[in-house]
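# Analysis of the macromolecular model
This is what each chain is made of:
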Amino acid sequence: MKDVMNYNKIWTKFETHALAFSLLRKNLYPTYWVRGDYKLDTLHGDIVLFKPSYGEPVLKLIIQVHASNAGHTKSWENSVEIVGEHNGVPILKITGGEAAYNIRNIVAPYL
């Protein structure tokens, strides 16, 4: 029964990824293509956003997903971080459920 008591405390990587991916796919497709578990030439993106175009789609954003490392918080601002870039495309790290719930607002400046 103790495990049930901790259910709402920490988001796993899978839960964070699943929620963020589904919200992005629902809200951005077909204007943007949302791909999960995508391998780039030298990098793995948990979620990758492309802008469709004639010829090849344009890579817009790479998202790395991480499990939360603490209990529930009321703010997602501390759960988002730019961790670098790949060929000029930003790499964004999101952590936990608050960031996943707010993923549409988080990615909007990069699209």
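Quick note: structure is the one above.
Residues numbered from 1 in each chain as written. Predicted model: local features only at pLDDT ≥ 70, side-chain atom pairs only at ≥ 80, totals over all residues. Heavy atoms only, no water.

Right, let's talk about the overall build of the protein chain for a bit. Tallying secondary structure elements over the protein chain gives four helices and five strands in all. Along the chain direction, N to C, the helices and strands of the protein chain fall in the order α-α-β-β-β-β-β-α-α. Looking at the protein chain as a whole, 33% of its 111 residues qualify as buried. In the structure as shown, the protein chain presents an accessible area of about 7100 Å², 54% of it carried by carbon and sulfur atoms. (Helix = DSSP H or I, 4+ residues; strand = E, 2+ residues; numbered from the N terminus. Buried < 20%, exposed > 50% of the residue type's maximum accessible area, 1.4 Å probe, protein only. Areas by Shrake-Rupley, 256 points an atom, 1.4 Å probe, with all protein chains shown as cover.)

Attention now goes to the pattern of salt bridges. A complete count under the given rule lists two salt bridges for this structure. Note that Lys13 and Asp46 form a salt bridge whose closest N and O atoms lie 3.5 Å from each other. Of this pair, Lys13 sits in helix α2 (residues 13–28) while Asp46 sits in strand β2 (residues 44–51), and the two are 33 residues apart along the sequence. Overall, the relative accessible area of 41% leaves Lys13 in the partly exposed class. (Salt bridge = Lys/Arg side-chain N within 4 Å of Asp/Glu carboxyl O.)

For the rest of this paragraph, the subject is the packing of aromatic side chains. In the structure shown here, the tally under the stated rule is two aromatic pairs. Taking the centre distance of 5.7 Å and the plane angle of 80° together, the rings of Trp11 and Tyr101 count as edge-to-face. Here Trp11 is found in the loop between α1 (2–5) and α2, whereas its partner Tyr101 is found in helix α3 (residues 96–101), with 90 residues between them in sequence. Take Tyr101: its relative accessible area is 55%, and that puts it in the exposed class. We note Lys51 situated over the ring of Tyr32; from NZ or CZ to the ring centre the distance is 4.8 Å. (Phe/Tyr/Trp six-rings, centres within 6.5 Å; stacked < 30°, edge-to-face > 60°. Lys NZ or Arg CZ within 6 Å of the ring centre and 35° of its normal.)

Note that β2 and strand β3 (residues 58–66) share five bridges and pair antiparallel. Bridge assignment links Leu49 to a residue of β3, and that residue is Leu61. Hairpin remark: β2 followed by β3, antiparallel, with six residues in the connecting loop; positive phi at Gly55, about 85°. Summarising the sheet, β3 and strand β5 (residues 89–95) pair through five bridges and their orientation is parallel. Of the residues in β5, the one forming a bridge with His66 is Thr95. (Pairing = 2+ DSSP bridges.)

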